Each structure stands twice: as structure tokens, then as C-alpha cells.
There are 2 protein chains.
Amino acid sequence: MQYPNNIKKQPQKIISYANRGMLLEDCINETNEYYLETNRALIFKKPTPIGISKASYTSHGRRIDEGYFLAPSTLDYNGLYKGYYIEFDAKETKQKTSFPLANIHEHQITHIKKVLEHGGITFLLIKMNNFVYLLKGSDLIEFIETNQRKSIPYHYLEEHGIKMKEQIRPVYNYLDAVDEVYFKGEDYKWKRKS
Amino acid sequence: MQYPNNIKKQPQKIISYANRGMLLEDCINETNEYYLETNRALIFKKPTPIGISKASYTSHGRRIDEGYFLAPSTLDYNGLYKGYYIEFDAKETKQKTSFPLANIHEHQITHIKKVLEHGGITFLLIKMNNFVYLLKGSDLIEFIETNQRKSIPYHYLEEHGIKMKEQIRPVYNYLDAVDEVYFKGEDYKWKRKS
């Protein structure tokens with residue numbers, strides 16, 4: 001097929017506005033879809049648990065007529081990567097100098113400790129000052145246990161976290177950061193259990 | 001402390017009615033709570049995903065005024081055991097001679113294949129003829145791929161599945177069956193990623 005002569009090729013300006021104003025959660029959901037399509041990992045956001053106070057039955061099935069969102073007792077995302085169990089949460093703050101620990105529920109801290117104890121990979125993705133950092137669960141727990149502070153100073157994130165590059169798609173390729181932290185230079189082997 | 005003399009010790013009859021009429025799902029939820037308490041594993045039922053068609057805000061937070069249940073594209077339970085990713089579903093049938101494959105969604109079959117490919121442990125717990133069987137994901141896939149049948153004959157479950165014993169608590173201690181199938185006599189090692 002030939003293009004008509006009078007259509008000039010426009011110089012392509014590739015400018016990503018992809019993540020402007022996009023919530024971190026939406027970026028991560030998109031990243032997970034990308035991982036699913038490219039078969040890199042199986043990671044899903046858990047549905048928010050709800051409490052149902054009124055329900056009825058319709059021709060389309062059971063309908064919720066009144067419900068409330070419940071607080072989750074685990075982290076929002078979990079799944080399978082390179083044979084490992086992975087679980088994490090995405091947190092955002094508008095604070096400039098420190099990340100308030102009030103963003104993490106007490107039962108989530110307990111859960112992070114348990115995931116570490118049982119041999120899983122767990123971390124937080126924290127968006128702050130327009131950057132996203134991967135902070136290992138073990139670093140988070142260590143910070144909490146050795147400090148009386150109610151927030152994590154930004155410089156701690158800069159020192160201990162992995163700062164992620166923004167890309168076109170996926171915007172935050174967080175498994176590259178996971179590779180850097182957990183699988184770097186390692187001849188990891190997982191045995192497939194069938 | 002002394003008991004008064006006139007109270008005679010009654011002979012103890014321990015009869016479990018625990019699972020009479022109890023749905024398999026409820027039994028499994030109870031088993032998972034037990035595993036959490038005894039710190040054997042971290043396994044949770046995923047909340048059923050819902051679609052919200054009307055919502056409002058109240059003093060208690062966001063309220064769902066109309067919602068529907070959506071079909072899950074993965075299995076109902078997942079978590080972490082002995083450093084491994086584990087995902088499974090609980091299915092029940094009143095059929096006596098075979099388990100209808102219509103009980104398993106097409107996208108769930110696809111998902112089971114992916115979990116196997118990525119090195120996770122995946123299986124079904126099938127309740128049939130008052131027994132619960134653990135059927136390995138790989139056996140399920142092999143059956144589907146080598147048969148044209150629309151149901152799994154009961155004798156296939158008896159031959160390939162692990163029949164579980166009923167107990168007082170937890171009623172179905174399915175991780176014992178997991179040990180038998182996946183970790184038997186094996187010096188498994190998982191490396192904790194911190």
C-alpha cells in the first residue's frame with residue numbers, strides 16, 4: 001500500500017504524559033497487566049474486602065444494596081515471580097522531608113514480619129517528591145525497631161531504597177528494582193513443584 | 001484448687017459434629033485461621049471482586065449503594081508456605097460418579113498453567129462423596145489435555161488425588177496432604193530473601 005504524496009511524514013515527538021497526575025496505584029496496576037501480557041510475573045491487586053449490610057437477588061445474580069469497605073490486614077499486591085512469593089504495597093505521600101509511618105497499619109507491619117519469616121519477598125513502593133522508591137520489608141522493620149520516630153526521613157529512603165526510573169511503559173518497572181535487590185548476580189534456582 | 005466431692009467426672013465422649021453441613025469453603029477458611037494462629041503458613045481467601053455501580057460518602061467512609069459480584073480470574077486462595085507460593089481453589093459437587101469440569105472456569109485453567117510455569121504450587125481441593133481430595137494442578141491439566149471428557153471420573157480422583165482425613169480441628173488439614181505430595185522425603189531448602 002502506498003501513501004499519497006501529499007501526506008508528509010511528521011517528525012515524531014515522543015513525550016510521555018502517561019503518569020502525569022496518575023495515582024501510583026494505577027501505574028502499578030498497569031505495570032502488573034504488562035507483566036501478565038509479557039509473562040514476566042503473576043502479580044495481582046487483591047480486591048478490597050467489603051462488608052455487605054444489605055443484599056438482594058436479581059436475574060443477574062446477587063446484588064449488593066449496601067456495603068462498606070473494610071481495612072485490609074495484609075498488603076495490597078501479591079503474586080509469583082521467579083518461583084518466589086512476592087507481596088507489597090504502594091504508598092504515596094505529599095510530605096517532602098519524611099514518610100509518615102501512620103500510612104502503614106499496625107497489622108500490616110505484623111504481616112510483613114510474617115512474610116519475611118516464611119521466606120517470601122516483601123517491600124513497599126513509596127512515592128515521594130515525585131520519585132518512587134522500593135524499600136525492602138527488612139529495612140522497614142529494622143527502621144521501626146531501632147528508631148522511636150513516627151516517620152522515615154527522606155534521606156533514609158535515598159540511602160536504603162532503590163530509586164526507580166520512569167519509563168513509557170510500564171511507567172514503573174518495579175521488577176527491575178526487585179532483580180537488583182533480591183536476585184543481583186545470583187544464580188538463583190527455583191525448583192518447579194508440579 | 002479442689003473440686004467438690006459431689007461433682008463426678010463425666011466420661012468424655014468426643015464426637016465431632018464440626019463439619020456436618022458445613023460448606024467446604026467455611027472449613028478451609030477455618031483451617032487457614034488455624035494455620036495463621038499456629039504460624040504454619042500464611043494463606044488467605046481473596047475477597048470476591050465486585051463492580052460498584054453506585055456509591056456515596058458517609059461519615060463512616062465510602063458506602064456502596066449498588067454493586068455486583070464479578071467472576072474471579074484466578075483461584076480463591078493464595079499465600080506462602082515453606083517459602084513457596086501456593087494457590088488453590090475449593091470445589092464441591094453433589095455428583096457421585098464424576099466431577100464436572102464446568103465447575104472450573106476456562107480462565108482458571110489458564111491461570112493454573114501459568115502458576116505451574118512460574119514455579120508455584122497449585123491444586124484443587126475437591127469435595128465429593130463426602131471425601132475431600134487434593135488434586136495437583138499438573139494432574140488436572142494432564143487430564144484435560146489428554147481427555148475429551150467434560151468431567152473427571154471419581155476413580156481418577158481416587159487414583160490420583162490425596163484423600164484427606166477428617167479431624168476435629170482443623171477439619172481438613174490440607175497442608176499435610178501438600179507435604180505428602182510436594183515435600184515428601186525431600187530435603188527442601190528455601191532461601192529467605194530479606
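The written sequence of each chain sets the order in which its residues are numbered from 1. The order in which chains are written sets their letters, starting at A; the order in which ligands are written sets their numbers, starting at 1. For this predicted model, a pLDDT threshold of at least 70 governs which residues receive local features, and a threshold of 80 or more governs which side-chain atom pairs are given and counted, while totals over whole chains, interfaces and linings are taken from all residues. Note that water and hydrogens are dropped before the side-chain values are worked out from all heavy atoms of the structure.

**Student:** An account of the overall build of chain A is requested, with residue identities and associated values reported.
**Tutor:** Counting from the N terminus, the helices are the DSSP runs of H or I reaching at least four residues and the strands are the DSSP runs of E reaching at least two. Secondary structure summary: chain A contains five helices and ten strands in total. Throughout this description, buried means an accessible area under 20% of the type-specific maximum (1.4 Å probe, protein chains only), exposed means over 50%, and partly exposed covers the range between. Relative to its full complement of 194 residues, chain A shows a buried share of 45%. Contacts are assigned to residue pairs with any non-hydrogen atoms lying within 4.5 Å of each other. Restricting to contacts in chain A with at least 6 residues of sequence separation, those with at least 24 account for 63%. Surface exposure of chain A reaches about 11,100 Å², of which carbon and sulfur atoms provide 49%. Residue exposure ignores everything except the shown protein chains as possible cover, and the areas themselves are Shrake-Rupley values with a 1.4 Å probe.

**Student:** Pulling in residues and values, what's your account of the sheet that holds strand β4 (residues 77–81) of chain A?
**Tutor:** Residues and elements named next belong to chain A. Strand pairing follows a simple DSSP-based rule, namely that at least 2 bridges must link the two strands. Here six strands make up an open sheet; going across it, the order is β1-β4-β5-β7-β8-β10 and the pairing mixed. Because the sheet does not close on itself, it has two edges, and the strands there are β1 (42–45) and β10 (162–163). Bridging between strand β5 (residues 84–92) and strand β7 (residues 121–128) involves seven bridges; their strand directions are parallel. Bridged to Asp89 within β7 is Leu124. Against the sheet, helix α2 (residues 106–117) touches β5 and β7, its axis set at about 155° to β5. In this analysis, axes come from line fits to C-alpha atoms, helices being fitted only over the stretch in contact, and the angle between any two N-to-C directions falls in the range 0 to 180 degrees.

**Student:** Requested: an account of the relation of the copies chain A and chain B, with residues and values cited.
**Tutor:** Residues reaching a pLDDT of at least 70 in both copies supply the C-alpha atoms on which the copies are superposed by least squares. Between chain A and chain B, which share one sequence, the superposing operator has a rotation angle of 180° and an axial displacement of 0.0 Å; the RMSD is 0.0 Å. What we have between these two chains is a two-fold relation. Counting the interface residues of chain A, we find that 100% of their copies in chain B are interface residues as well, pointing to one common contact surface.

**Student:** Give me the packing of aromatic side chains: which residues, what numbers.
**Tutor:** All names here are of chain A. Aromatic contacts are taken between Phe, Tyr and Trp rings whose centres are within 6.5 Å, Trp giving its six-membered ring; a plane angle under 30 degrees counts as stacked, one over 60 as edge-to-face, and the others as tilted. Counting across every chain of the model gives 21 aromatic pairs over all chains. Both rings, one in Phe88 and one in Phe123, keep their centres 4.9 Å apart while their planes meet at 10°; by these two values the pair is stacked. Here the residue Phe88 occupies a position in strand β5, and Phe123 occupies one in strand β7, the gap between them amounting to 35 residues. On the accessibility criterion, Phe123 (1% relative accessible area) is buried. Consider the rings of Phe88 and Tyr174, whose centres lie 4.8 Å apart with planes at 55°: the pair is tilted.

**Student:** Kindly report on the interface of chain A and chain B, identifying the contributing residues and their values.
**Tutor:** The interface of chain A with chain B comprises 48 residues on the first partner and 48 residues on the second. Both faces considered, chain A and chain B share a buried interface measuring about 4,300 Å² in area, 60% of it formed by carbon and sulfur atoms. Salt bridges, as used here, are contacts in which a Lys or Arg side-chain nitrogen is within 4 Å of a carboxyl oxygen on Asp or Glu. One can count zero salt bridges joining chain A with chain B. The element contributing the most residues to the side of chain A that touches chain B is strand β3 (residues 61–69) of chain A, with eight residues. Amino acids outside the nonpolar list (Ala, Val, Leu, Ile, Met, Phe, Trp, Tyr, Cys, Pro) and the charged list (Asp, Glu, Lys, Arg) are all regarded as polar, and Gly is one of them. Looking at side-chain class alone, the side of chain A that touches chain B contains 20 nonpolar, 15 polar and 13 charged residues. Sheet analysis places β3 of chain A next to strand β3 (residues 61–69) of chain B, joined by four bridges and oriented antiparallel. Its bridge partner lying in β3 of chain B, Gly67 of chain A is registered against Ile64 of chain B. Using a 1.4 Å probe, buried area is obtained as the accessible area two parts lose upon being combined, added over both of them.

**Student:** Can you break down the sheet that holds strand β8 (residues 131–136) of chain B residue by residue, with the values?
**Tutor:** Residues and elements named next belong to chain B. As summarised here, the arrangement of the six strands in space is β1-β4-β5-β7-β8-β10, forming an open sheet in which the pairing is mixed. With partners counted over all chains shown, the strands left at the sheet margins are β1 (42–45) and β10 (162–163), one partner each. When β1 meets strand β4 (residues 77–81), the two strands line up antiparallel, connected through four bridges. When the bridges of β4 are listed, Ile43 appears paired with Gly79.

As far as function goes, none of this settles anything; it's purely spatial.
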